[in-house]
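Chain by chain, the residues run as shown.
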Amino acid sequence: MEENRKPHRHIRSFQVIILGFAILILAGSLILMLPWATRDGRGASFADALFTATSAACVTGLVVQDTATYWSVFGQAVILLLIQIGGMGVVTVAVFITSLSGRKIGLMQRSTMQDSISAPQMGGIVRMTGFILRATLVMELTGAVFLAFVFCGEMGVGKGLWYALFHSVSAFCNAGFDLMGFREKFSSLTAYQGQPVVNLVIMALIITGGIGFFVWKDMQEKGLQFKKYRLQTKVVLVTSAALILVPAVFYFFMEYADLSVKDRFLASLFQAVTPRTAGFNTTDLSKMGEGGQVLMVFLMLIGGSPGSTAGGLKTTTLAVLYGSALSVFVHEEHVHFFGRRITDETIKNAATILLMYLTLFLTGGIAISVIEGISMKTALFETASAVGTVGLSLGATPTLGGVSRAILIGLMFLGRVGGLTLIFAAVSEKRRDAARFPEEKITVG
């Protein structure tokens, strides 16, 4: 009986998660429409408020209005709150509030929490919620302290502290929202291209937020003993390192030839880290070569790791797909990493997730290119940024019409909850089709 109820419990969990994000976005939109949310005192239109709230709650970073010059401090605070809740997860925050109130966390809530953060098991899930909140607080405050040394010296104590906190939270949650538009609208962190503290702190926050809380928990418990880590921790660390180092080398030798060696190193490393759903940039991406832009699209689609603040199809998905391809090339029956075999169900899920992201990415890009009359490269860059919940842009998003913005809103939402939707479909009760459908091979490739 319990086995029969288990899939239905998971189905309800994913419905709750999706509904939670939808409610968060709607509430954020309505608040951002208030007169005191914008600097002109008129409030935002529903379209602008909905786009901004979706981008913030889905920790994307794409904007149609410059965050620093359009939104008031109140509006910026609302955006920051949406980023924080969206980064940690609606369910995580809800469970924490329930726990603080002294109410008992029921089985359904534990199951929803497990699905929300991709936990391997339900046991200890409430303690894990506490760890996530403590780790988030420590990381964000530490980042804010380091950034404050730079920003307070430039902007004064009050403004500097606010900017330090805002950018620290935005970076750790892999959101990519910034307040640097007072220098030049939509300029992101280009004014700090060669500033080592800002570059290194923002990159550190992006990476720590993007590798996943379960990886940090595993490392906390086992120290630097790599061999004792869980398989997922090993795969995440190795894949993440490769996805940072290889692009950084490419950008160093193929881009930024006009910069000094120090600035070139920082710019190359930053642009390799930031597509992992972070959305900040320290150089003008529109001036990057086409090869560098295409590589960035690839990195944006991959995103971060499971159970993290990042989006995308995830590093583990990429690793499983490459492992599957390698097993074919070397004529091995099974996919395996570090002496552990990967299940067939995991491989099927990885292939399905990849197909979903590619379909959303290409369909959205083609539609926007046709509707707006812009190049396919530019349109695909924006849709990869949306579905990967990244926030990087070649400058097209603020100029798009209503239909194209609606497409990006849909992509941001699906990019944030789409993987969950796929799991929701995967854990629903399977039909036994072996008897109904005789087996027969077809030729592929």
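Numbers given for residues are sequential positions, taken from 1 along each chain in its written order. At least 70 in pLDDT is required for a residue's local features to be given in this predicted model, at least 80 for side-chain atom pairs to be given and counted, and no such filter applies to totals for whole chains, interfaces and linings, which use all residues. The side-chain figures draw on all heavy atoms in the structure; neither hydrogens nor water molecules are used.

(A) Seen up close, the packing of helix α15 (residues 344–372) against helix α16 (residues 376–387). Between the N-to-C directions of two axes lies an angle of 0 to 180 degrees, each axis being a line fitted to C-alpha atoms and, for a helix, fitted only over the stretch in contact. The helix and strand labels rest on DSSP assignments: H or I over at least four residues marks a helix, E over at least two residues marks a strand, and numbering proceeds from the N terminus. Interhelical geometry of α15 versus α16 gives an angle of 135° and a closest axis separation of 8 Å. By the angle class used here, α15 and α16 are oblique. The way α15 lies across α16 gives a crossing that is right-handed. Contacts from Tyr357, Leu360, Phe361, Leu362, Gly364, Gly365, Ile366, Ile368 and Ser369 in α15 reach Met376, Ala379, Leu380, Thr383, Ala384 and Val387 in α16. Classifying every residue of the contact of α15 with α16 by side-chain character gives eleven nonpolar, four polar and no charged. In what follows, roughly perpendicular refers to angles from 65 to 115 degrees, roughly parallel to angles under 35, roughly antiparallel to angles over 145, and oblique to any angle outside these ranges. The sense of a crossing depends on the near helix, which, turned anticlockwise from the far helix by less than a right angle, makes the crossing left-handed and, turned clockwise, makes it right-handed. Residues are treated as being in contact if the distance between any of their heavy atoms lies within 4.5 Å. By the convention adopted, Pro, Cys, Tyr, Trp, Phe, Met, Ile, Leu, Val and Ala count as nonpolar, Lys, Arg, Asp and Glu as charged, and the other residues, Gly among them, as polar.

(B) Just unusual backbone geometry, in detail. At Tyr256, a position not held by glycine, the phi torsion is positive, near 60°. On the secondary structure map, Tyr256 appears in the loop between α11 (231–254) and α12 (261–273). The buried label goes to any residue with under 20% of its type's maximum accessible area, the exposed label to any with over 50%, and the partly exposed label to all in between, with areas taken from a 1.4 Å probe on protein chains only. Note on Tyr256: relative accessible area 11%, which makes it buried. The phi dihedral of Lys314 is positive, around 90°, even though this residue is not glycine.

(C) Looking closely at the side chain of Thr397. On the secondary structure map, Thr397 appears in the loop between α16 and α17 (402–427). Pairs of N or O atoms are called polar contacts if they sit within 3.5 Å, as long as, within protein, a hydrogen donor faces a hydrogen acceptor (for residues adjacent in sequence, only side-chain-to-side-chain pairs). In terms of polar contacts, Thr397 uses its side chain to reach the side chain of Glu382, at 2.5 Å. For Thr397, the contacting residues outside a window of four places in its chain are Phe51, Leu62, Val63, Val64, Glu382, Arg405 and Leu408.

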